Amino acid sequence: QVQLVESGGGLVQAGGSLRLSCAASGRTFSSYAMGWFRQAPGKEREFVAAVRRSGGSLYYADSVKGRFTISRDNAKNTVYLQMNSLKPEDTAVYYCAADPDNFKYSGDYDLEYEYDYWGQGTQVTVSS
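What counts and how
Residues numbered from 1 in each chain as written. Predicted model: local features only at pLDDT ≥ 70, side-chain atom pairs only at ≥ 80, totals over all residues. Heavy atoms only, no water. Pairing = 2+ DSSP bridges. Helix = DSSP H or I, 4+ residues; strand = E, 2+ residues; numbered from the N terminus. Axes fitted to C-alpha atoms, helices over the stretch in contact; angles between N-to-C directions. Core = buried A, V, L, I, M, F, W, Y, C linked by side-chain atoms within 4.5 Å. Buried < 20%, exposed > 50% of the residue type's maximum accessible area, 1.4 Å probe, protein only. Contact = heavy atoms within 4.5 Å.

What follows deals with the sheet that holds strand 1 (residues 4-7). Spatially, the 4 strands line up as an open sheet ordered 1-3-8-7, and their pairing is antiparallel. Edge positions in the open sheet fall to strand 1 and strand 7 (68-73), since each of these has one partner strand only. Taken pair by pair, the neighbouring strands of this sheet meet at an average axis angle of 15°, ignoring direction. Bridge count between strand 1 and strand 3 (residues 18-24): 4 bridges; the pairing is antiparallel. From the neighbouring strand, serine 7 faces strand 3, where its bridge partner is serine 21.

Right under this line is the structure:
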C-alpha cells in the first residue's frame, strides 16, 4: 500500500503562485509515474499534469500549459506542482496519484483509472 499526502494548498490572489507537494510513503516511488488531478465543486475530476518515473516525460492539460510545471525528486519521494499565473478557475481540490506501471501506454497519463493510489487532496483557492 502506498500513502500519498498532499500539502501546499491555500488561498492566493489571481496572478500569484503556489507550489504543491505530494509526499509518498512507498519504497518504490522512483518506479511510479505520478499525476495531479483537480476537482472543482460540482464538476468532474480532471487531469492536470503527469510525469513518468524518470522525470523526463511531462504531460499537461491544455488549460494549464505554460503556467504549471510538474516535477519530481525521487530521492525525497516527492512530486511537485508549481502553479504560476493562477486564475480563479484554478480553484479546486488538487489530488496527487501514483501509477505503479509508469503508464502502460503513452496515452494513459490522463486516465483516472490508470492510477492505483490517491492522496486525500489539498484545497487551492484563487481569489479575484
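The biggest cluster of nonpolar side chains holds 39 residues, and the ones touching the most others in it are Leu4, Met34, Trp36, Leu81, Met83 and Tyr94. Of all the secondary-structure elements, those providing two or more residues to this core are strand 3, strand 4 (33-39), strand 5 (46-51), strand 6 (58-60), strand 7, strand 8 (78-83), strand 9 (92-99) and strand 11 (122-127). If sequence neighbours within four positions are ignored, tyrosine 94 has contacts with Glu6, Leu20, Trp36, Phe37, Arg38, Val48, Phe68, Leu81, Met83, Gly121, Thr122 and Val124.

The values reported here are purely geometric and, on their own, carry no functional implication.
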